[in-house]
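Architecture at a glance
Below, each chain spelled out in residue letters.
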Amino acid sequence: MDIFTNLWNNWSNYEKITTLILVISIIIFIPISVYFFTKNKKLSILSLTSLLIIGILTIASFLFIPFIFDIHISNMFKLVPLMCLFINILNIGTMVGYYSVNRKKKDFELIDLHQECMRDTFKLSVILILLFCLSTIFLSATLLTVILTSLVVSLLTIWLNYTLLIKFVK
């Protein structure tokens, strides 16, 4: 817990307020946007759940990183939530886009969304792993830990999104 206390004490009031506003607006805006484009409450709830999962996984990773890698959490780790959020929004966007384009077709079923999500999740996972492998040669230990943390949290989140979609489709 000292990590968050130190981070919180080192931030200015401006950083605290803008971060709080940004987090609240993302948590409100994304599920509303998903509902606006899909008119499906289940997908909107899935997007909200996904955002909460990414928050929990990011906080958990910040708690475990100092024990696993013996690295001090620095300001560079502010990139982890941003990278993970970007990848999560990309994952949610592909689901919403596929659903929005195909929902009016006669033979469309939510199981089709499940299959397309499986393909997209697999492709995104491969791309992320390849991107990580390509960048590891040129990074310092701290930046490597930031990228590794972002990769693990992002992969866990997109596969949990897929698992949750299975639960919501039934």
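Just above sits the structure.
Since this is a predicted model, take the numbers as computed values, not measurements. (Residues numbered from 1 in each chain as written. Predicted model: local features only at pLDDT ≥ 70, side-chain atom pairs only at ≥ 80, totals over all residues. Heavy atoms only, no water.)

Turning next to the overall build of the protein. Secondary structure assignment for the protein yields 6 helices and 0 strands. Taken along its principal axes, the extent of the C-alpha atoms in the protein is 55 × 35 × 25 Å. Residues counted as buried form 34% of the 170 residues belonging to the protein. Put simply, 74% of the contacts in the protein that link residues at least 6 apart link residues at least 24 apart. (Helix = DSSP H or I, 4+ residues; strand = E, 2+ residues; numbered from the N terminus. Buried < 20%, exposed > 50% of the residue type's maximum accessible area, 1.4 Å probe, protein only. Contact = heavy atoms within 4.5 Å.)

Another aspect to go through is the packing of aromatic side chains. For the structure shown, the criterion picks out 2 aromatic pairs. A ring pair is formed by Phe36 and Phe37, whose centres lie 5.3 Å apart and whose planes are at 75°; its orientation type is edge-to-face. With a relative accessible area of 54%, Phe36 lands in the exposed category. A ring pair is formed by Trp159 and Tyr162, whose centres lie 5.8 Å apart and whose planes are at 85°; its orientation type is edge-to-face. Placement of the pair is Trp159 and Tyr162 together in helix H6 (residues 141-169), with a separation of 3 residues, close to one helical turn. Exposure remark for Trp159: the relative accessible area of 29% places this residue in the partly exposed category. (Phe/Tyr/Trp six-rings, centres within 6.5 Å; stacked < 30°, edge-to-face > 60°.)

This part is about the environment of Met83. Position of Met83 relative to the elements: it lies in helix H4 (residues 79-102). For Met83 and Thr149, which are 66 residues apart along the polypeptide, the C-alpha to C-alpha distance reads 10.0 Å. In this structure Met83 touches Val146, Ile147, Ser150 and Ser154, once residues within four positions along its chain are discounted.

This part takes up a nonpolar patch on the surface. A contiguous nonpolar surface patch, about 650 Å² in accessible area, is contributed by Ile59, Leu63, Phe64, Phe67, Ile68 and Phe69. By the secondary structure assignment, Ile59 is in helix H3 (residues 41-69). (Patch = residues over 30% accessible without salt bridge, like charges linked within 9 Å, V, L, I, M, F, W, Y side chains within 5 Å. Areas by Shrake-Rupley, 256 points an atom, 1.4 Å probe, with all protein chains shown as cover. Salt bridge = Lys/Arg side-chain N within 4 Å of Asp/Glu carboxyl O.)

Mapped onto the elements of the fold, Met118 is located in helix H5 (residues 110-135). Residue Met118 is classed as partly exposed on the basis of its relative accessible area of 34%. Met118 sits 66 residues away from Leu52 along the chain, and the two C-alpha atoms are 21 Å apart. What Met118 contacts, discounting residues up to four positions off in sequence, is Trp159 and Tyr162.

Counting residues in each nonpolar core, the largest one holds 15 residues, and the members touching the most others are Val34, Leu43, Met95, Leu113 and Leu165. Elements supplying a minimum of two residues to this core: helix H2 (13-38), H3, H4, H5 and H6. For this core, the element with the most residues is H4, which contributes 5 residues. If we ignore the near neighbours within four places in the chain, the residues touching Met95 are Leu46, Leu113, Cys117, Asn161 and Leu165. Counting 10 residues, the second largest nonpolar core, distinct from the first, contains Ile65, Phe77, Cys84 and Val146. (Core = buried A, V, L, I, M, F, W, Y, C linked by side-chain atoms within 4.5 Å.)

In this section: the environment of Val152. In this fold, Val152 is placed in helix H6. Sequence separation of Val152 and Ile87 is 65 residues, and the distance between their C-alpha atoms is 12 Å.

Over its 26 residues, H2 extends 38 Å from the first C-alpha to the last, a length consistent with the 38 Å expected when each residue adds 1.5 Å. Listed as buried for H2 are Lys16, Ile30, Pro31, Ser33, Val34 and Thr38. Just downstream of H2 lies Lys39, where phi reads positive at about 55°. (Expected span 1.5 Å × (residues − 1).)

The next subject is the packing of H2 against H3. Contact pair H2 / H3: the axes reach a minimum separation of 8 Å and the direction vectors enclose 155°. By the angle between their directions, the pair H2 and H3 is classed as roughly antiparallel. The chirality of how H2 crosses H3 is right-handed. Only Lys41, Leu43, Ser44, Ser47, Leu48 and Leu51 of H3 make contact with H2, whose side of the interface consists of Ile26, Ile27, Ile30, Pro31, Val34, Tyr35 and Thr38. (Axes fitted to C-alpha atoms, helices over the stretch in contact; angles between N-to-C directions. Parallel < 35°, antiparallel > 145°, perpendicular 65-115°, else oblique. Left-handed = near helix turned anticlockwise from the far one by under 90°.)

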